[in-house]
Amino acid sequence: MNRAPPSSRTVAELLATARAELPDPREAVLLVAHALGLSREALYAHPEQPVTSADREQALALVTARAAGQPVAYLAGRREFHGLALEVGPAVLIPRPETELLVELALGRLKEISSPTVADLGTGSGAIALALARERPDASVTATDQSKAALSVAGRNARRLGIDNVCFLQSNWLAPFAAASFDLVVSNPPYVAAGDPYLEQGDLRFEPSEALASGPDGLDAIRRIAADARRCLKPGGSLMLEHGADQQPAVCALLAEHGYIGIETHRDLAGLPRAVTCNSSGAMA
Ligand code: GLN
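Digging into helix H8 (residues 148–161)
An α-helical turn contains 3.6 residues, so a residue and the one three or four places further along point in the same direction.
Move 1: In this model, H8 (14 residues) spans 20 Å end to end at C-alpha, consistent with the 20 Å of a helix rising 1.5 Å per residue.
Move 2: Among the residues of H8, Ala 150, Leu 151, Val 153, Ala 154, Gly 155, Asn 157, Ala 158 and Leu 161 are the ones counted as buried.
Move 3: Against strand E2 (84–87), helix H7 (127–135), strand E4 (140–145) and strand E5 (166–170) lie the buried residues of H8.
Move 4: Here H8 starts with a cap whose side-chain oxygen sits 3.3 Å from the backbone nitrogen of Ala 149, and that cap is Ser 147.
Move 5: At the exit of H8 stands Gly 162, carrying a positive phi of roughly 70 degrees.

In structure tokens, the structure reads:
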């Protein structure tokens, strides 16, 4: 029997090879579609399409990298967040669905304010800042990160999505900002305890540790933000933070210590305590 040369193999054969390597068939389809520059629908519609050997090699390289544990989002270079297709790569945390909770809470609060000023601290790919800016074109959003590489990714996302009401700034949390600058400060900061074995699992092994871990109890960044936001929020302004599922009592306690009022807790779609919201009383701490 004549075997077809590799260069004339088909989409169907490539998909079968990819599926045999990866436990999750959806990942196989996604990576093959990405390597071939086709939609998933196009793959299914034309399984008999020939695949060039270059495309085949590229697809199989992605499959091998995934089988070795690399995150699908990094291999495909994209992750969807709150309806936005974001570029992602190893310089940024992969946006999580649970962080959309923070966006919804922020949008709810911003309904009461016209032309709000908003800060997203540790913006990474720009996920929260861009989702808010897209929904609220009248907002002036400042997105900060310590990482220049992350800010490059976030800036490219803003340009590609045509969102022009976000300015990006390299900074250490709220350090460079004047008193009473913002109606809303929002952040999904690093909050995992350094050394937590959770950091050695799955995608987290490949993500920037500065975006994940924050001191012995995971709360260093949240402590810093809570302290600085008192100064940078306008009177009555809001602070909204994502945190670890077991950190809610500690986060609420430290917000109360700093004099925030109206502290409310929120669960994510998995039912886990995931975010707190509160307001600046207006009086300086
Ligand atoms: N949400 C991350 C996780 O649990 C932890 C760090 C963060 O998002 N800020 O995987």
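As for the packing of helix H2 (residues 25–36) against helix H4 (residues 53–67)
Move 1: Viewed as axis vectors pointing N to C, H2 and H4 meet at an angle of 140 degrees, and their least axial separation amounts to 8 Å. Taken as a pair, H2 and H4 cross one another with a handedness that is right-handed. Between H2, through Glu 27, Leu 31, Val 32, His 34, Ala 35 and Leu 36, and H4, the contact on the second element is made entirely by Asp 55, Gln 58, Ala 59, Leu 62, Val 63 and Arg 66.
Move 2: Here the residues of the contact of H2 with H4 sort into 7 nonpolar, 2 polar and 3 charged.

A short note on the site of the ligand
Move 1: Neighbouring residues of the ligand: Leu 93, Arg 96, Asn 188, Pro 189, Tyr 191, Val 192, Tyr 198, Leu 204, Ala 211, Leu 212 and Glu 242.
Move 2: At 2.6 Å, a backbone N or O of Pro 189 approaches a nitrogen atom of the ligand.
Move 3: Within the side chain of Tyr 191, an N or O atom sits 2.8 Å from a nitrogen atom of the ligand.
Move 4: Considering the ligand on its own, with 280 Å² of exposed area, one finds that the protein chains cover 96% of that surface.
Move 5: Class assignment of the residues belonging to the shell around the ligand gives a composition of 8 nonpolar, 1 polar and 2 charged.

Rules and cut-offs
Residues numbered from 1 in each chain as written. Predicted model: local features only at pLDDT ≥ 70, side-chain atom pairs only at ≥ 80, totals over all residues. Heavy atoms only, no water. Helix = DSSP H or I, 4+ residues; strand = E, 2+ residues; numbered from the N terminus. Expected span 1.5 Å × (residues − 1). Buried < 20%, exposed > 50% of the residue type's maximum accessible area, 1.4 Å probe, protein only. Contact = heavy atoms within 4.5 Å. Polar contact = N/O pair within 3.5 Å; in protein donor to acceptor, adjacent residues only side chain to side chain. Axes fitted to C-alpha atoms, helices over the stretch in contact; angles between N-to-C directions. Left-handed = near helix turned anticlockwise from the far one by under 90°. Nonpolar A, V, L, I, M, F, W, Y, C, P; charged D, E, K, R; others polar. Near = heavy atom within 4 Å. Areas by Shrake-Rupley, 256 points an atom, 1.4 Å probe, with all protein chains shown as cover.

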